[in-house]
Amino acid sequence: MAKICIDAGHGGKDPGACGYGRQEKADVLSVALKVGGLLAAKGHSIYYTRTNDIYESPYQKAAEANSVNADFFASFHRNSFIQADSNGYETCVYSDTGKAKACADKANAEMAALGFRNRGTKIRTDLTVLNSTRMEAALFEIGFITNQNDNSIFASKFDAICVGLANAILAAVGGGTVTGGGTPEKIPTVPSIDGKKELGHVDCIYQAFAERWWPPVENRADWAGKGDNTPITYLGICVSKGSIRGRVYTQKNGWLPYLTFTSSYNINDLVNGVLGDGSPILAVELYYYTPDGYLYKEVHYCVSVSGNNAFYAKQIDNKKGAGYDGYAGDKRNFIDKFQAWIE
């Protein structure tokens, strides 16, 4: 049997799309729980990204699916208008091949049979839950929440929608078909994440050496370094909770080995106490590790490089795609300002 990650999109502070008194986060949670119950009744192991109204970023959800080695990732969403009369169902995939294609083809047919206009399969390489999951994945857009007829289908044929989407997932992972039954109370066989606690505020403290050590900076109170096109050659960083892993790309040696810091760094240890080798730093890569039992947080960071007074776009952890490079800097010009915080 398969291990399936079931993701109800949005949640908590993020309601998703809204229309006709409905919120996407609530609609898709109901679908996710029902579909998960149907699949669990067939003997599959289910991992939920959420089973109530909490928020985690798409990248965090993908990371959780990767961490439990899921065989398939299914994300549930509702669409919102592109044009005033936009309507219908569509499946989004990273590549229209293999398990994802089998799932999408089945889902499209099932939803069309229930009365949704079939918008077909969309290739979306920009979506984090599709481009950052190591397993094959599909994202279901269950009609337009901004279209009254789609909402009518969603409400009146809810159970049939859930059965159809469960069978679409089964088309990808195997295990026959379902016709009904299955309740969320019977699962999860793999724990859901919403038993975790909120970690609360986390401070990020960092300090830069640029001709000399400049004072430590906390979060976004300021930036570290001298600026003025003076290269940062060493960087110290730590956090008040959890730990942070980092490495830097230097002019002398390229990428240096990763180092991990908890509540302190050591500017007197230029080998293991801080990041750098004494030559100009051209890029920085960071990743925040949340303590066990708490909802995930991430490190956000940005840099300014020589000849550019403005900060480059921020990076989040080591994520790639959708505008993120996996590191801050360009590996050509040295960094003269650095800033980081935890969210």
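Higher on the page you've got the structure.
Read on for an overview of the structure. Starting from 1, residues in each chain are numbered consecutively following that chain's sequence as written. The predicted origin of the model limits local features to residues at a pLDDT of at least 70 and limits the giving and counting of side-chain atom pairs to 80 or more, whereas totals for whole chains, interfaces and linings rest on all residues. Based on all heavy atoms of the structure, the side-chain values leave hydrogens and waters out of the count.

### Quick notes on helix H2 (residues 58–67)
Then, in step 1: Summary of the burial criterion: residues with accessible area below 20% of their type's maximum are buried, those above 50% are exposed, and those between are partly exposed, where the area comes from a 1.4 Å probe applied to protein chains only. Here a helix means four or more residues in a row that DSSP labels H or I, a strand means two or more in a row labelled E, and each is numbered from the N terminus. Most of H2 is tucked away: seven of the 10 residues are buried.
Then, in step 2: Among the residues of H2, those classed as buried are Tyr59, Gln60, Lys61, Ala62, Glu64, Ala65 and Asn66.
Then, in step 3: Contacts: residue pairs with any heavy atoms within 4.5 Å of one another. Where H2 is buried, its residues touch strand S1 (3–8), strand S4 (45–48), strand S5 (72–79), helix H4 (128–131) and strand S15 (281–289).
Then, in step 4: Phi turns positive one or two residues past the end of H2, at Asn69, with a value near 55°.

### Structural notes on the environment of Trp213
Then, in step 1: By secondary structure assignment, the location of Trp213 is in the loop between strand S9 (204–209) and strand S10 (217–218).
Then, in step 2: Separated by 22 residues in sequence, Trp213 and Leu235 place their C-alpha atoms 9.2 Å apart.
Then, in step 3: Non-local contacts of Trp213, meaning those with residues more than four positions away in its chain, are made with Gln207, Ala208, Tyr234, Leu235, Gly236, Ile267, Leu270 and Val274.

### Concerning the packing of helix H3 (residues 98–113) against helix H6 (residues 158–173)
A pair of packed helices is characterised by two quantities: the angle between their axes and the separation of those axes.
Then, in step 1: For helices, the axis comes from a line fit to the C-alpha atoms of the stretch in contact; other axes are also lines fit to C-alpha atoms, and the angle between any two N-to-C directions lies between 0 and 180 degrees. The contact between H3 and H6 brings their axes to 7 Å, and the two run at 155°. It follows that H3 is roughly antiparallel to H6 by the angle criterion. Seen from above, H3 lies across H6 with right-handed handedness. For the pair H3 and H6, the contacting residues are Lys99, Ala102, Cys103, Lys106, Ala107, Glu110 and Met111 in the first and Ile161, Gly164, Leu165, Asn167, Ala168, Ile169, Ala171 and Ala172 in the second.
Then, in step 2: Put simply, Ala, Val, Leu, Ile, Met, Phe, Trp, Tyr, Cys and Pro go in the nonpolar bin, Asp, Glu, Lys and Arg in the charged bin, and everything else, Gly too, in the polar bin. In the contact of H3 with H6, the residues fall into 10 nonpolar, two polar and three charged. Oblique is the label for any angle not covered by the other classes, which are roughly parallel (under 35 degrees), roughly antiparallel (over 145) and roughly perpendicular (65 to 115). By convention, the crossing between two helices is left-handed when the near helix turns anticlockwise from the far helix through less than a right angle, and right-handed when the turn is clockwise.

### Looking at the pairing of strand S6 (residues 89–93)
Moving residue by residue along a regular strand, the side chains alternate between the two faces of the sheet.
Then, in step 1: Within S6, five of the five residues are buried, which leaves the element mostly enclosed by the surrounding structure.
Then, in step 2: Handedness of a crossover: with both strands directed away from the viewer, a clockwise path from the first strand across the helix to the second marks it as right-handed. Each parallel crossover has a hand, and for S6 linked through H3 to strand S7 (residues 118–123) it is right-handed.

### Considering unusual backbone geometry
Then, in step 1: The phi dihedral of Tyr20 is positive, around 55°, even though this residue is not glycine.
Then, in step 2: Its location among the elements puts Tyr20 in the loop between strand S2 (18–19) and strand S3 (22–23).
Then, in step 3: In this structure, Glu211 is a non-glycine residue whose phi angle is positive, near 75°.
Then, in step 4: Looking at where Glu211 falls in the secondary structure, it is placed in the loop between S9 and S10.
Then, in step 5: For Glu211, a relative accessible area of 58% puts it in the exposed group.

### What about the side chain of Asp330?
Then, in step 1: Mapped onto the elements, Asp330 comes out in the loop between strand S20 (328–329) and strand S21 (335–342).
Then, in step 2: The class of Asp330 is buried, set by a relative accessible area of 11%.
Then, in step 3: A distance of 2.9 Å separates a polar atom in the side chain of Asp330 from the backbone nitrogen of Arg332.
Then, in step 4: Those residues in contact with Asp330 that sit more than four places away from it in its chain are Leu282, Val305 and Tyr312. Any N or O atom pair separated by 3.5 Å or less is treated as a polar contact, with the protein-specific requirement of one donor-capable and one acceptor-capable atom, and with residues adjacent in sequence counted only for side-chain atom pairs.

### Focus on the environment of Glu218
Then, in step 1: Following the sequence through the fold, Glu218 ends up in strand S10.
Then, in step 2: Its relative accessible area of 41% is what places Glu218 among the partly exposed residues.
Then, in step 3: Between the C-alpha atoms of Glu218 and Asp203, which are 15 residues apart in sequence, the distance is 6.7 Å.
Then, in step 4: Ignoring sequence-local partners within four residues, the contact set of Glu218 consists of Asp203, Cys204 and Ile205.

### Remarks on the packing of aromatic side chains
Then, in step 1: Any two rings among Phe, Tyr and Trp, with Trp reduced to its six-membered ring, count as a pair given centres within 6.5 Å; such a pair is stacked if its planes are under 30 degrees apart, edge-to-face if over 60, and tilted if neither. Applying the stated criterion across every chain yields a total of nine aromatic pairs.
Then, in step 2: Seen in terms of ring centroids, Phe76 and Phe140 are 5.1 Å apart; in terms of plane orientation they differ by 40°. Their pairing is tilted. Here Phe140 lies in strand S8 (residues 136–144) and Phe76 lies in strand S5, a separation of 64 residues in the sequence.
Then, in step 3: Measuring from centroid to centroid gives 5.4 Å for Tyr249 and Trp255, while their planes differ by 80°, and the two rings are edge-to-face.
Then, in step 4: With a relative accessible area of 24%, Trp255 lands in the partly exposed category.
Then, in step 5: Site record: aromatic cluster; members linked through ring pairs are Phe209, Trp213 and Tyr234.
Then, in step 6: In this scheme, the term charge over a ring applies when either NZ of a lysine or CZ of an arginine sits within 6 Å of the ring centre and within 35 degrees of the ring normal. Geometry around Trp214 places Arg212 over its ring, the cationic atom sitting 3.6 Å from the centre.
Then, in step 7: The side chain of Arg220 reaches across the aromatic face of Trp341, ending 4.4 Å from its centre.

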